[in-house]
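# Structural overview
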Amino acid sequence: MKFCLITILFILIYIQQVLGAACCGGGSGLPSLITGDYRGQLTTSFSQAKIVGEKLHQEIPYFWPKDKTFYTRSLKIDATYQFDNYFQFGVSSSVLMKDYRFSNGANNQDHGISDIGLTAAYCFLPELNFSRYRPVGFSFAKLTIPTGKSIYESNDPAGADVSGKGFYIFSLGLAFVKTLGIYDWQIMGEGHSFIERTFKHNSHITKVKPGPGGSLLFSLGWSPYNSDWRLGGSISPHYEGEKVSSFNSTKSRSGYELYWDTSFSLSKLLSEEYMASFNYTDQTILGPVNNTNLSRTLTFSFQKRWAL
Amino acid sequence: MNAILFVFLIIFSGCEISPLLNHTYNEFAQAKKRISSSTHFVGSLNLNIEFDWPKGPNGNPNLESQLQLIFRDDEGKLTNLPATHSLFVYGWMPSMGHGTADDGELIQTGMGTYLIKDFYFSMPGEWDIFIQILKNNVVDEEIKISVTVPESTP
């Protein structure tokens, strides 16, 4: 039982580490969930993402020169509360600090608060009796509130002040989690849609309607020798549909966005209440990718949780 | 468990098109360069319009770009726009769905010659430049030119 608790705790941490940095202050629609018998959890994450290249529409991936460095550092707070054994509610937000340096020596720096995510989840497949194969299943809904500054409201030419998507986003998804001995696996998927929005900025009026998107997560974990350590890996493709934009008399359709987060993690259970984790996420390993920046992210997380 | 392994095998097949294994350090190595000047016909005014880039185009948002527009009649003489007409120029990146960092300021530099200065692209890539010819502040005709914008143009 103790081992199962440890493994589930590792999974909890891990779920939150795979949210790789995407373009324009965005993130995944995959939420942080409580998958064990806990009343609440609070996770603080520090991350540094470096954009190493880009894949523009109809181009091959281009890796930037070493003297062009775009860093995004973030501090993320993620709190989740479980009302009973089935319903839970979570909120998350982060502070982003951007440091963009160009090959010609120019330097753009800015910071801002990201979008806020609100999550409600329901455990529709609880683990009431032992099963070797049947996972614990969750359905969830997530609302992203555009509190961050979007690219359509940016005042910085390089977009260093961009910290959000700029849209209300509704996500619906399912998650399945299972522990098998010293191994665990997790499958999560979500689809989301955006609400059309008109941006008025610097006398320009831009109406944007992004297409629907979605993301998946497949992860595996291993706790060697039933220890407090866990090694994990995951793959998470992210897709954003084409955006239809109206600007002046122009109506244009953007390319779709696709990128894959490949993540490796090392976690340590410090006590029954505390957990620490390192995570590395790389968007250059798997493809195909399209219309996106490619980044590598290091994250350190610290989690406090409360028993029921 | 077999099903999970199958899913992972499918996913890992994506390695064939891994950015890590298939990328370039040469910006826009496969892009068609469309930076050089070009000419379009403005039917509503019966004039030809030439485009040129005295500066740029630069995809680095800290570097200014300048676009020059030259209007000529069918005999090749420089010709001003009629007093009832004006110009509005803006850029749009269709693949990303956003505009420029700054669409700059349009000034007339000579007979039939106009310059858009302080024009800043927000990033490299494929951009569309829209030149609107307005008659009494209503769009009379719009011309689109496409340009591949590198990080910086020597």
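## Focus: the interface of chain A and chain B
- In this assembly, 46 residues from chain A lie in contact with 45 residues from chain B.
- Summed over both partners, the interface of chain A with chain B buries about 3,800 Å², with 67% contributed by carbon and sulfur atoms.
- Summed over the shared surface of chain A and chain B, the result is one salt bridge.
- The closest approach of N and O atoms between Lys68 of chain A and Glu151 of chain B, which form a salt bridge, is 2.7 Å.
- Where chain A touches chain B, the interface holds 11 residue pairs in polar contact (both at pLDDT 80 or more).
- Within the residue set of the side of chain A that touches chain B, elements represented by two or more residues are strand E2 (62-63), strand E11 (204-210), strand E12 (213-222), strand E14 (243-247), strand E15 (250-253) and strand E18 (292-307) of chain A.

## What to know about a nonpolar patch on the surface
All names here are of chain A.
- On the surface, Tyr81, Phe83, Tyr86, Phe87, Phe89, Val91, Tyr122, Phe124, Leu128 and Leu174 cluster together into a nonpolar patch covering about 960 Å² of accessible area.
- Taken together, the elements giving at least two residues each to the nonpolar patch come down to strand E4 (87-101) and strand E6 (116-125).
- Sorting elements by how many residues they give to the nonpolar patch places E4 first, with three residues.
- Examined against the element boundaries, Phe87 turns out to sit in strand E4.
- For Phe87, a relative accessible area of 46% corresponds to the partly exposed category.

## Points about the nonpolar core
Residue and element names in this part refer to chain B.
- One finds Leu69, Phe71, Ile129 and Ile131 to be the most contacted residues of the largest nonpolar core, which totals 28 residues.
- Elements that contribute at least two residues to this core include exactly strand E2 (47-55), strand E3 (65-72), strand E4 (85-93), strand E7 (113-120), strand E8 (125-135) and strand E9 (138-149).
- For Ile131, the residues in contact, after removing those within four places along its chain, are Ile49, Phe51, Leu69, Leu87, Phe88, Val89, Glu141, Glu142, Ile143 and Ile145.

## Describing the confidence of the model for chain B
All names here are of chain B.
- On average, residues of chain B score 80 in pLDDT, and 80% of them reach the 70 mark or higher.
- The low-confidence segment residues 30-35, where pLDDT is below 50, has 19 contacts with residues more than four positions distant or belonging to other chains.
- Interface scoring of the predicted complex returns ipTM 0.70; its pTM is 0.80.

## Focus on the pattern of salt bridges
All names here are of chain A.
- Tallying each qualifying case throughout the model produces 16 salt bridges over all chains.
- Where Arg296 meets Asp282, a salt bridge forms, and the shortest distance between an N and an O atom there is 3.0 Å. Placement of the pair is Arg296 in strand E18 and Asp282 in strand E17 (residues 274-282), with a sequence separation of 14 residues.
- Residue Arg296 is classed as partly exposed on the basis of its relative accessible area of 27%.

## Re the sheet that holds E11 of chain A
All names here are of chain A.
- Taken in spatial order, the four strands line up as E10-E11-E14-E15 in an open sheet, and their pairing is antiparallel. Only two strands of the sheet have a single partner each, and these edge strands are strand E10 (197-201) and E15. Strand-to-strand twist across the sheet, computed as the mean angle between neighbouring axes with direction ignored, equals 20 degrees.
- In this sheet, E14 lies alongside E11 in antiparallel orientation, the contact comprising five bridges. Within E14, the position partnered with Lys207 by the bridge is Ser246.

## Focus on the sheet that holds strand E5 (residues 98-99) of chain B
Residue and element names in this part refer to chain B.
- With antiparallel pairing, the four strands of this open sheet are ordered in space as E5-E4-E8-E9. Since the sheet does not close on itself, it has two edges, and those belong to E5 and E9, each with one partner.
- With two bridges joining them, E4 and E5 adopt antiparallel strand pairing. From the neighbouring strand, Trp92 faces E5, where its bridge partner is Gly99.

The rules behind each value
Residues numbered from 1 in each chain as written. Chains lettered and ligands numbered in written order. Predicted model: local features only at pLDDT ≥ 70, side-chain atom pairs only at ≥ 80, totals over all residues. Heavy atoms only, no water. Contact = heavy atoms within 4.5 Å. Buried area = accessible area lost by both parts, 1.4 Å probe. Salt bridge = Lys/Arg side-chain N within 4 Å of Asp/Glu carboxyl O. Polar contact = N/O pair within 3.5 Å; in protein donor to acceptor, adjacent residues only side chain to side chain. Helix = DSSP H or I, 4+ residues; strand = E, 2+ residues; numbered from the N terminus. Patch = residues over 30% accessible without salt bridge, like charges linked within 9 Å, V, L, I, M, F, W, Y side chains within 5 Å. Areas by Shrake-Rupley, 256 points an atom, 1.4 Å probe, with all protein chains shown as cover. Buried < 20%, exposed > 50% of the residue type's maximum accessible area, 1.4 Å probe, protein only. Core = buried A, V, L, I, M, F, W, Y, C linked by side-chain atoms within 4.5 Å. pLDDT = per-residue confidence, 0-100. Pairing = 2+ DSSP bridges. Axes fitted to C-alpha atoms, helices over the stretch in contact; angles between N-to-C directions.

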